[in-house]
There are 2 protein chains.
Amino acid sequence: MNRFAWKGQIYHTNEKRELKIFENSWVLCENGICKGVFGELPEDWKDAELTDFGDKIIIPGFSDLHVHAAQYSYIGTGMDEELLGWLEKYAFPEEAAFFDLEYAKKAYSCFVRDLRKSATTRASIFASKHVPATELLMEMLDKTGLKTYVGKVNMDRNCPDYIREESAEISGNDTEKWVSETIDKFENTKPILTPRFTPTCSDEVMAKLGEIQKKYGVAMQSHLSENQGEIAWVKELCPDTEFYGEAYDKFGLFGGENCPTIMAHCVYSSDEELELIEKRGVWICLCPQSNMNVATGIAPARKYLEKGLKIGLGSDLAGGSTLSIFRAITDSVVASKLRWRLVDQNLKPLSVAEAFYMATRGGGSFFGKTGAFEEGFEMDAVVIDDSALYTPKKLSMHDRFERLCYLYTDSKIVAKCVAGKMINLE
Amino acid sequence: MNRFAWKGQIYHTNEKRELKIFENSWVLCENGICKGVFGELPEDWKDAELTDFGDKIIIPGFSDLHVHAAQYSYIGTGMDEELLGWLEKYAFPEEAAFFDLEYAKKAYSCFVRDLRKSATTRASIFASKHVPATELLMEMLDKTGLKTYVGKVNMDRNCPDYIREESAEISGNDTEKWVSETIDKFENTKPILTPRFTPTCSDEVMAKLGEIQKKYGVAMQSHLSENQGEIAWVKELCPDTEFYGEAYDKFGLFGGENCPTIMAHCVYSSDEELELIEKRGVWICLCPQSNMNVATGIAPARKYLEKGLKIGLGSDLAGGSTLSIFRAITDSVVASKLRWRLVDQNLKPLSVAEAFYMATRGGGSFFGKTGAFEEGFEMDAVVIDDSALYTPKKLSMHDRFERLCYLYTDSKIVAKCVAGKMINLE
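Residues numbered from 1 in each chain as written. Chains lettered and ligands numbered in written order. Predicted model: local features only at pLDDT ≥ 70, side-chain atom pairs only at ≥ 80, totals over all residues. Heavy atoms only, no water.

Notes on the overall build of chain A
Logical step 1: Across its full length, chain A carries 13 helices and 16 strands.
Logical step 2: For chain A, whose C-alpha radius of gyration is 21 Å, the value lies close to the compact-globule estimate of 22 Å for 426 residues.
Logical step 3: In terms of principal-axis extent, the alpha carbons of chain A reach across some 65 × 50 × 40 Å.
Logical step 4: Burial analysis of chain A (426 residues in total) assigns 67% to the buried set.
Logical step 5: Considering only intrachain contacts with a sequence separation of at least 6, the fraction spanning at least 24 residues in chain A is 74%.
Logical step 6: Carbon and sulfur atoms make up 47% of the accessible area of chain A, which totals about 15400 Å².
Logical step 7: One way to put it: in chain A the 50 positive side-chain charges average out to a point 4 Å from where the 65 negative ones average out. (Helix = DSSP H or I, 4+ residues; strand = E, 2+ residues; numbered from the N terminus. Rg over C-alpha atoms; globule rule 2.2 N^0.38 Å. Buried < 20%, exposed > 50% of the residue type's maximum accessible area, 1.4 Å probe, protein only. Contact = heavy atoms within 4.5 Å. Areas by Shrake-Rupley, 256 points an atom, 1.4 Å probe, with all protein chains shown as cover. Lys, Arg positive; Asp, Glu negative; His and termini not counted. Charge placed at Lys NZ, Arg CZ, Asp CG, Glu CD.)

This is how it looks when you write it as structure tokens:
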């Protein structure tokens, strides 16, 4: 039996999306599972492996529900471009480079290293269309100990020749071969079906992905209702659908009990679409930094929270320009404030606690019971030294936490575990 | 004669707000004044003090036109509060603490150290209402070598007792004494008149400040048209004015040849107000991060640029949560994108070059000829090592610059000079 306990200044959220603060407390882990938080170490835990982190902060690890690993090499560039120019000048040429395994190794090494050293413990990741590079990324990620899903991207239409898959058949067959080869290969990393989005995937590919989904019970991720032009385009491409989400659903690729699904963005989801999202239990992934950088707009996060939808946050590199989910937390607060001011005063801004909830419990639920320090949750924890954020002002515990979210780059992660296993931070 | 030349990857903007890039070039400085940028070192400069910074980036220093030094201690906290709650729970109690010189010394030390080590070379700063603490801040800033204006804040009405000045007379007399004592005291730091904003300053105080302005020829800074509630309030308080700016102008505190003036925010300035801003040559200071955090809205920056108004950027701590003007640059781009998407598609988003222009040349012009590497400009330069931003992708010089703006926290400032004098970065 493996038991350890960490002492520090502990923060997490409860089911009601409230910030819970445990000053100078112990969080307990037995065989990878959290046993709760205690002000005093229970008597029968004195012989566990004990670490007192003193004044350091302990939070659940973040889940990044939407990130393009093959776009990491150009984060923070091309931001003056409009979406089409950005895809053609930046996204597609860079992704095409992952045909070359040597390049893929160099580029993915940076991504994997920085993800490993971040406060993120779980992630659902887009690779590129290339199977060998995708498998390489999976191998590299598996070794980190982070829990991840990785998707080989499908795209057989409506994109430049040099990045398009040669045919629907090849796209489908490559995907099935890749899924069958990787589904039981890794301890920490699993394949996830990843049609780029409806406009780049023919019905034939989608039908094949639907078959693969049923056959292997594999999870699914894609983009949904990111901007109005895209929604109109999908309507044209799929005249038999009432709303965008149906273009996935009609192939069995939109949630349901056996198809855990993440849909990124949902900035402009209609009420009908939201109804189906709720019915199918689809996870909505908000990507506030990307939505602001790409000027798509602002998703009505409060509406989704109040409807009780499943909702997490994504860095969405390279629409977003940082891997840090702290930035996604504060950007989702800021975005909600601007939406309140400029669009709809009925939806009051998010609090930092609500955004933290999405980053931990909300997104974490995609991976099982994770994202909080409650008994029975998998133990994902990040220990942070925020002492460089010195201030002569006496801060409340709440303010100290909020400041960490806003000023995270000046803090330092000193320990991190995923499902109770330590992650190398070197 | 003091002459030095720095070699590196040099970026600045021209008058047309275009990014100009000089690869492997030399920037020359003689007696604190820039002598231009050259691809090859001129023959007669071989005996100057030469430093080859290799692949490092050299940019003009930033000007921060609006920052509350007395709010630095609580940056990144209180962001869930609405404006009134934020002022009452955070801003006012913290500023009141600067009555205590010991506390002021501790708090201002952090601010001054971090400003010194940042990419900012010039700043116009709000202190608090307290003269001794304001003079202390001036002394500390003067020693850094940065060129700064510092304002003792006036506030004799419409604020809690514990932070309000006892009377208009005391407010005015304190201010005159402080101006007369400090106007010639420091080499690098000058006093600037700083009525907090019209709602907190009685007519009597404003009239007195107008007199002091005329008598001493001192510069002026305040807030203007940050939100609609404030504008309506000023209209009530000053029924004889047509628009907010007139409430300063009627006391001779709104620009003009002998009263260089910065007005922070101008989110909702009317056309009449903009006309007077233009006529009086008032500098507009945009504070995008603060405007987003405080949910005031988004200023129409492109409109101001196209009208040819004088315009710079401000960190506006603690409405903003970072001193970094890189963040102000990218936030002004992001804000302009959201304004374009959500408010007015006639004003196209800002480019990173345009935002960089505002941060350097635009704001720099408040301090004289500074903010570019043109002949005759004061030599403010910052040398940045961006090598930690490794990417396997071959970036263009433009993309490398843009990435620095978005990912600045992972870069390192290795040298900095103001008017040709080196700044200690330890």
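Examining the domain arrangement of chain A
All names here are of chain A.
Logical step 1: With domains assigned, chain A is organised as domain 1 (3–61 + 371–422) and domain 2 (62–367).
Logical step 2: Each of domain 1 and domain 2 has a C-alpha centre, and the two are 29 Å apart.
Logical step 3: Each partner contributes to the interface: domain 1 provides 31 residues, whereas domain 2 provides 32 residues.
Logical step 4: In total, domain 1 and domain 2 occlude about 2400 Å² of area from one another, counting both sides; carbon and sulfur atoms represent 63% of this.
Logical step 5: Contact with domain 2 buries surface across domain 1, with R17, Y408 and K416 losing the most and accounting together for 28% of the total.
Logical step 6: The interface formed by domain 1 and domain 2 holds 4 salt bridges in total.
Logical step 7: Linking R122 and E378 is a salt bridge whose minimum nitrogen-to-oxygen distance equals 3.6 Å. (Domains from an automatic or database assignment. Buried area = accessible area lost by both parts, 1.4 Å probe. Salt bridge = Lys/Arg side-chain N within 4 Å of Asp/Glu carboxyl O.)

With respect to the pairing of strand β4 (residues 49–60) of chain B
All names here are of chain B.
Logical step 1: Where strand β1 (residues 3–13) lies against β4, 6 bridges are found, and the strand directions are parallel. Note on β4: the bridge partner recorded for Q9 is I57.
Logical step 2: Relative to strand β14 (residues 381–385), β4 is paired through 4 bridges, and the arrangement is antiparallel. When the bridges of β14 are listed, P60 appears paired with A381. (Pairing = 2+ DSSP bridges.)

Focus on the nonpolar core
Logical step 1: Of all hydrophobic cores here, the largest spans 230 residues; its most connected members are A:F111, A:I329, B:F111 and B:I329.
Logical step 2: Apart from the residues lying within four places of it in its own chain, the contact partners of B:F111 are B:V67, B:A69, B:Y72, B:I125, B:L137, B:L317 and B:L323. (Core = buried A, V, L, I, M, F, W, Y, C linked by side-chain atoms within 4.5 Å.)

Here we look at the interface of chain B and chain A
Logical step 1: Chain B puts 46 residues into the contact, and the matching count from chain A is 46 residues.
Logical step 2: Buried surface at the junction of chain B and chain A, summed over both partners, amounts to about 4000 Å²; 60% is from carbon and sulfur atoms.
Logical step 3: Across the chain B-chain A interface, the total number found is 0 salt bridges.
Logical step 4: Counting across the chain B and chain A interface gives 18 residue pairs in polar contact (both at pLDDT 80 or more).
Logical step 5: Of all the secondary-structure elements, those providing two or more residues to the side of chain B that touches chain A are α1 (83–96), α2 (101–116), α9 (288–293), α11 (325–342) and α13 (397–406) of chain B.
Logical step 6: Residue contributions to the side of chain B that touches chain A peak at 8 residues, all from α11(B).
Logical step 7: Of the residues assigned to the side of chain B that touches chain A, the class counts are 23 nonpolar, 12 polar and 11 charged. (Polar contact = N/O pair within 3.5 Å; in protein donor to acceptor, adjacent residues only side chain to side chain. Nonpolar A, V, L, I, M, F, W, Y, C, P; charged D, E, K, R; others polar.)

A closer look at the environment of A:T121
All names here are of chain A.
Logical step 1: Locating T121 in the fold gives a position in strand β6 (residues 120–126).
Logical step 2: By relative accessible area, which is 0% here, T121 ends up buried.
Logical step 3: Expressed as a C-alpha distance, the spacing of T121 and K185, which sit 64 residues apart in the sequence, is 20 Å.
Logical step 4: Leaving out residues up to four positions away in the same chain, T121 has contacts with G61, F62, L146, K147, D380, V382, K416, C417 and V418.
Logical step 5: Within the structure, T121 has its side chain in polar contact with the side chain of D380 (distance 3.0 Å).

Notes on the packing of aromatic side chains
Logical step 1: Across all of its chains, the model carries 38 aromatic pairs over all chains by this definition.
Logical step 2: Judged by centre distance (5.4 Å) and plane angle (65°), the ring pair of B:Y149 and B:F366 falls under edge-to-face. On the criterion of sequence distance, the pair formed by B:Y149 in strand β7 (residues 147–151) and B:F366 in the loop between α12 (352–364) and β14 is long-range, its members being 217 residues apart.
Logical step 3: Owing to a relative accessible area of 5%, B:F366 belongs among the buried residues under this scheme.
Logical step 4: An aromatic cluster is built from A:Y11, A:F62, A:F326, A:F356, A:F401 and A:Y408, whose rings are joined through pairwise contacts.
Logical step 5: We note A:K310 situated over the ring of A:W283; from NZ or CZ to the ring centre the distance is 3.9 Å. (Phe/Tyr/Trp six-rings, centres within 6.5 Å; stacked < 30°, edge-to-face > 60°. Lys NZ or Arg CZ within 6 Å of the ring centre and 35° of its normal.)

Focus: the sheet that holds β4(B)
Residue and element names in this part refer to chain B.
Logical step 1: Judged by pairing direction, the sheet is mixed, and its 7 strands sit side by side in the order β3-β2-β1-β4-β14-β15-β16 without closing on themselves. Only two strands of the sheet have a single neighbouring strand rather than two, namely β3 (33–38) and β16 (421–422).
Logical step 2: Sitting on the sheet, α12 is in contact with β1, β2 (19–30) and β4, with an inclination near 140° to β1. (Axes fitted to C-alpha atoms, helices over the stretch in contact; angles between N-to-C directions.)

Structural notes on the relation of the copies chain B and chain A
Logical step 1: Rotating chain B by 180° and moving it 0.0 Å along the rotation axis overlays it on chain A with an RMSD of 0.0 Å. Look at the turn and shift together and you get a two-fold axis relating the two.
Logical step 2: By residue overlap, the copies meet face to face through one surface: 100% of the interface positions of chain B are interface positions in chain A. (Least-squares fit on C-alpha atoms with pLDDT ≥ 70 in both.)

Let's talk about the sheet that holds strand β4 (residues 49–60) of chain A
Strand pairing in a sheet takes place through backbone hydrogen bonds and is either antiparallel or parallel in direction.
Residues and elements named next belong to chain A.
Logical step 1: Spatially, β3-β2-β1-β4-β14-β15-β16 is the arrangement adopted by the 7 strands of the open sheet, whose pairing is mixed. Unpaired on one side and paired on the other, β3 (33–38) and β16 (421–422) mark the two borders of the sheet.
Logical step 2: As judged from the 5 bridges shared by strand β14 (residues 381–385) and strand β15 (residues 412–418), these two strands associate in the antiparallel manner. Along β15, the bridge assignment pairs A381 with C417.

A word on the environment of B:F356
Residues and elements named next belong to chain B.
Logical step 1: Inspection of the secondary structure puts F356 in helix α12.
Logical step 2: Residue F356 is classed as buried on the basis of its relative accessible area of 0%.
Logical step 3: With 28 residues separating them in the primary sequence, F356 and A328 have C-alpha atoms 9.2 Å apart.

Some remarks on helix α4 (residues 168–182) of chain A
Residues and elements named next belong to chain A.
Logical step 1: For α4, built from 15 residues, the straight-helix expectation of 21 Å at 1.5 Å per residue is met to within 8% by its first-to-last C-alpha distance of 21 Å.
Logical step 2: Listed in full, the buried residues belonging to α4 are A168, S171, G172, T175, E176, W178, V179 and T182. Buried positions in α4, seen along its axis, are confined to an arc of 165° and lie on one side of it. Exposed and facing more than 90 degrees away from the buried side of α4 are E169 and K177.
Logical step 3: Residues of α4 that are buried in the fold lie against α3 (131–144), β7 (147–151), β8 (153–154), β9 (189–195) and α5 (203–216). (Expected span 1.5 Å × (residues − 1). Arc of directions from axis to C-beta.)

Some points on the pairing of β2(B)
Residues and elements named next belong to chain B.
Logical step 1: Across 10 bridges, β1 lies against β2 in antiparallel orientation. The partner of F4 across the bridge, within β2, is C29.
Logical step 2: Hairpin geometry of β1 and β2 is characterised by an intervening segment of 5 residues between the two adjacent antiparallel strands and by a positive phi of about 70° at R17.
Logical step 3: Sheet topology note: the β2/β3 ladder contains 4 bridges and is antiparallel. Across the sheet, residue C29 finds its bridge partner in β3, namely C34.

Digging into the packing of helix α4 (residues 168–182) of chain B against helix α5 (residues 203–216) of chain B
Residues and elements named next belong to chain B.
Logical step 1: Two elements in contact, α4 and α5, have axes separated by 9 Å at closest approach and are oriented at 20°. The orientation of α4 relative to α5 falls into the category roughly parallel. Taken as a pair, α4 and α5 cross one another with a handedness that is right-handed. Residues A168, E169, S171, G172, N173, T175, E176, V179 and S180 of α4 touch α5, and the partners they reach there are E204, V205, K208, L209, I212, K215 and Y216.
Logical step 2: Broken down by class, the residue content of the contact of α4 with α5 amounts to 6 nonpolar, 5 polar and 5 charged. (Parallel < 35°, antiparallel > 145°, perpendicular 65-115°, else oblique. Left-handed = near helix turned anticlockwise from the far one by under 90°.)

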